[in-house]
Amino acid sequence: MAARATLHCLTGCAIGEILGMVIGTALGWGNMPTMALAIVLAFFFGYTLTLRSVLRSGVDFRTAFRIALAADTLSIAVMELIDNGVIVLWPGAMDAMLSDVLFWGALAISLTVAFVVTTPVNKWMIGRGKGHAVVHRYHH
């Protein structure tokens, strides 16, 4: 269950990260604005995926939004910290362009490392009835 929850989180984070990095890089933005956009979009898409599935269960938007925040905030935050930390520490990754293998390779490895680190966090949360344990009640 923790690996599935982390994969769910990774999906939203990856969509946001990749979209943010592609937009920022394509527009020639600096590293910090690009990273900030990627992080904001990672949270947005992470929450949106959970929100969508909870809303399908018939819960009102306000309740679904609270559930998404409770279920995903720590998971997304850890994933983003690790993912962006790897990119920042990887020599040359912050300056790589979309056409560079380094851009895509560092991004793929950073997301993989983030998945490995975030899975135990989700396991801990689920074991305490938090995180995706809360969302699980709303899946049919």
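Conventions adopted
Residues numbered from 1 in each chain as written. Predicted model: local features only at pLDDT ≥ 70, side-chain atom pairs only at ≥ 80, totals over all residues. Heavy atoms only, no water. 1 Å grid on protein atoms, 1.4 Å probe; cavity = no way out; pocket = protein on both sides within 12 Å on 5 of 7 lines; lining within 4 Å. Points joined across faces, edges and corners; volume = space filled by probe spheres on them. Helix = DSSP H or I, 4+ residues; strand = E, 2+ residues; numbered from the N terminus. Expected span 1.5 Å × (residues − 1). Buried < 20%, exposed > 50% of the residue type's maximum accessible area, 1.4 Å probe, protein only. Disulfide = S-S within 2.5 Å. Polar contact = N/O pair within 3.5 Å; in protein donor to acceptor, adjacent residues only side chain to side chain. Phe/Tyr/Trp six-rings, centres within 6.5 Å; stacked < 30°, edge-to-face > 60°.

## Observations concerning the layout of surface pockets
Considering only enclosed or pocket space, the largest pocket measures out at about 230 Å³ in volume. Around the largest pocket, the lining comprises 17 residues; the ones closest to its centre are Thr 25, Asn 31, Ala 93, Met 94 and Ala 96. Looking at the lining of the largest pocket, the elements that each hand over two or more residues are helix 1 (2–26), helix 2 (31–55) and helix 4 (101–127). Broken down by element, the residue count for the lining of the largest pocket peaks at four residues, all from helix 4.

## Things to note about helix 2
With 25 residues, helix 2 should reach 36 Å at 1.5 Å per residue; the first-to-last C-alpha distance of 36 Å fits that figure. Residues of helix 2 that are buried include every one of Thr 34, Met 35, Ala 38, Leu 41, Ala 42, Gly 46, Tyr 47, Leu 49, Thr 50, Leu 51, Ser 53 and Val 54, and no others.

## A short note on the state of the cysteines
This model, assessed by the stated rule, comprises zero disulfides. Summary of cysteine pairing: Cys 9 is not part of a disulfide, and the nearest cysteine sulfur, belonging to Cys 13, is at 3.9 Å. The buried category is assigned to Cys 9, whose relative accessible area is 2%. Exposure remark for Cys 13: the relative accessible area of 0% places this residue in the buried category.

## Digging into the side chain of Ser 53
Turning to its location among the elements, Ser 53 is positioned in helix 2. What makes Ser 53 buried here is its relative accessible area of 15%. Within the local environment of Ser 53, its side chain forms a polar contact with the backbone oxygen of Thr 50, the two atoms lying 2.9 Å apart.

## Topic: the packing of aromatic side chains
Following the criterion strictly, the structure yields four aromatic pairs and no others. Note on Phe 61 and Phe 65: the rings are 6.1 Å apart at their centroids and 15° apart in plane angle, and the pair reads as stacked. With a gap of four residues between them, Phe 61 and Phe 65 both fall in helix 3 (residues 61–89), about one helical turn apart. What makes Phe 65 partly exposed here is its relative accessible area of 37%. Ring plane angle 75° and centroid distance 4.8 Å describe the contact between Phe 103 and Trp 104, whose orientation is recorded as edge-to-face. Its relative accessible area of 37% is what places Trp 104 among the partly exposed residues.

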